[in-house]
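# Chain and residue survey
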Amino acid sequence: MSEQARRRPHKPYRRPQKDPVRMLAFEALRAVDERDAYANLVLPPLLRKAREKGDFDGRDAALATELVYGTLRRQGTYDAIISACIDRPLREVDPPVLDVLALGAHQLLGTRIPTHAAVSASVELARVVLGDGRAKFVNAVLRKISQQDLDAWVAQVAPPYEKDAEDHLAVVHSHPRWVVSALWDALGGGRAGIEDLLEADNERPEVTLVARPGRSTTEELAAVTETLPGRWSPYALRMAEGGEPGAIEAVKEGRAGVQDEGSQLVALALANAPLEGSDARWLDGCAGPGGKAALLAALASERGAALLASEKQPHRARLVERALAGNPGAYQVIAADGTRPPWRPGSFDRVLMDVPCSGLGALRRRPEARWRRRPEDLDGFAPLQRALLTEALSAVRVGGIVGYATCSPHLAETRVVVDDVLKKVGGAELIDARPFMPGVPALGDGPDVQLWPHLHGTDAMYLALLRRTA
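Residues numbered from 1 in each chain as written. Predicted model: local features only at pLDDT ≥ 70, side-chain atom pairs only at ≥ 80, totals over all residues. Heavy atoms only, no water.

### Topic: the nonpolar core
Ranked by size, the top nonpolar core spans 50 residues in total, and within it L24, F56, V68, V138 and I145 carry the most contacts. Among the elements of the structure, α2 (20-35), α3 (39-53), α4 (58-73), α5 (75-84), α6 (95-109), α7 (115-129) and α8 (132-145) are those that each provide at least two residues to this core. Here V138 is in contact with V97, V100, L101, S122, A126 and L130, once residues within four sequence places are set aside. Counting 44 residues, the second-largest nonpolar core is a separate cluster that includes A317, V440, L451 and M461. (Core = buried A, V, L, I, M, F, W, Y, C linked by side-chain atoms within 4.5 Å. Buried < 20%, exposed > 50% of the residue type's maximum accessible area, 1.4 Å probe, protein only. Helix = DSSP H or I, 4+ residues; strand = E, 2+ residues; numbered from the N terminus. Contact = heavy atoms within 4.5 Å.)

Below is the structure:
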């Protein structure tokens, strides 16, 4: 060692500083990746715990939420950008390192956080959770990313639209290519429509309340929290930015709830379709977690009808019980398999079958689902969806109405299922569902209805109404 090196003062080691906001965001992303958890289930308890410890205020919670959801929504785009900045395949980078890089990329490209602050905070997080060695790698990659804005990076990493339209849209709008293709098939039309849909999938959805009829009113809810009227449902209110639905007394008591307006419209359309003869017995055959069942129970009680809410999974059946508790009318909750039901054929006047599906209609709320699902998953859902609709048609009396609903616009889960079952079962006909969503525009050619985030501000709910004829 030279004399000059010996004389150079040794720089003391500085311990990394923990940033509670970024630590929480990283913890949430790891839970999503490692445990296949959903961010909307992981994040609230983490935020609650941070508030109880005194680590967070309202602005901290808002930033942590934005970091988690923003990173998940743009994960595909950020992965493409990170890949362009490293000299190895992305799959060879440890997942925790990728999470820190994606969080940093979102701060640099998707927020107004200054470049220096975004890089330094991400490197500090890396020192805490990854160690000093890998923090140097994070620093080098993020400094490369910081040299361009998002538009410039996308122009560099996305193939031209004219060369490969689906791959271009997949990178630009951060959706797997197969999801882009499926959504485009279901939507139809040209480039503008699919781009609007994919952009809507990447926007933070509004929190929508439902005032359960006979139990609360929109006026009551509007008096205690800042809201806007619902767009389509007479029972809906849209909460202002930053509202906390759990703090509202009517929500605590179950007289109101949080429910997307698309889900409200599905329940209302089934309830409003005209019937001849009795209208006393209603069934929700896939009732968990209970939002539609609670609205149906409230509507049924106003007419003197009774609702049977059936859910296969016992823990979800308990959620349904909680959602229906206090309903003034007659109802019953059971844990039962809708493909092997305990009720007799022809027992009900109205049946809702909101079947398990890929969930591609709720990517605004569960952005990680787009990366978790695979095309082959639809093959697993297909037999169950057909069996449930077949049993629903068996459960309803002649002249009664069945509502087949999914939170997916994928044609293999919507029209194809309905067409296949009608051909196989017979004795049923499609009726036009559009008149039972009055005032809602752009409902297509019918007779079934597909709602869209970019057209209706709702989840992409699908509904077919069928009448039993024989």
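### Considerations on the packing of aromatic side chains
In this structure the tally under the stated criterion is 2 aromatic pairs. Between W343 and F348 the ring centres are 5.9 Å apart and the planes differ by 85 degrees, which places this aromatic pair in the edge-to-face class. Its relative accessible area of 7% is what places F348 among the buried residues. Aromatic pair Y404 and Y462: ring centres 6.4 Å apart, planes at 75 degrees, arrangement edge-to-face. (Phe/Tyr/Trp six-rings, centres within 6.5 Å; stacked < 30°, edge-to-face > 60°.)

### Notes on the sheet that holds strand β2 (residues 227-229)
Across the sheet, 4 strands lie side by side as β2-β3-β1-β4; this open sheet has antiparallel pairing. Looking along the sheet, the strands with just one partner apiece sit at the ends: β2 and β4 (256-258). Geometrically, the sheet is characterised by an average inter-axis angle of 30 degrees between neighbouring strands, direction not taken into account. As defined by bridge partners, β2 adjoins strand β3 (residues 236-239) across 3 bridges and the pair is classed as antiparallel. Residue P229 lies in a different strand from β3, and its bridge partner there is L237. Against the sheet, helix α15 (residues 261-272) engages β1 (208-211) and β3, with an angle of about 30 degrees to β1. (Pairing = 2+ DSSP bridges. Axes fitted to C-alpha atoms, helices over the stretch in contact; angles between N-to-C directions.)

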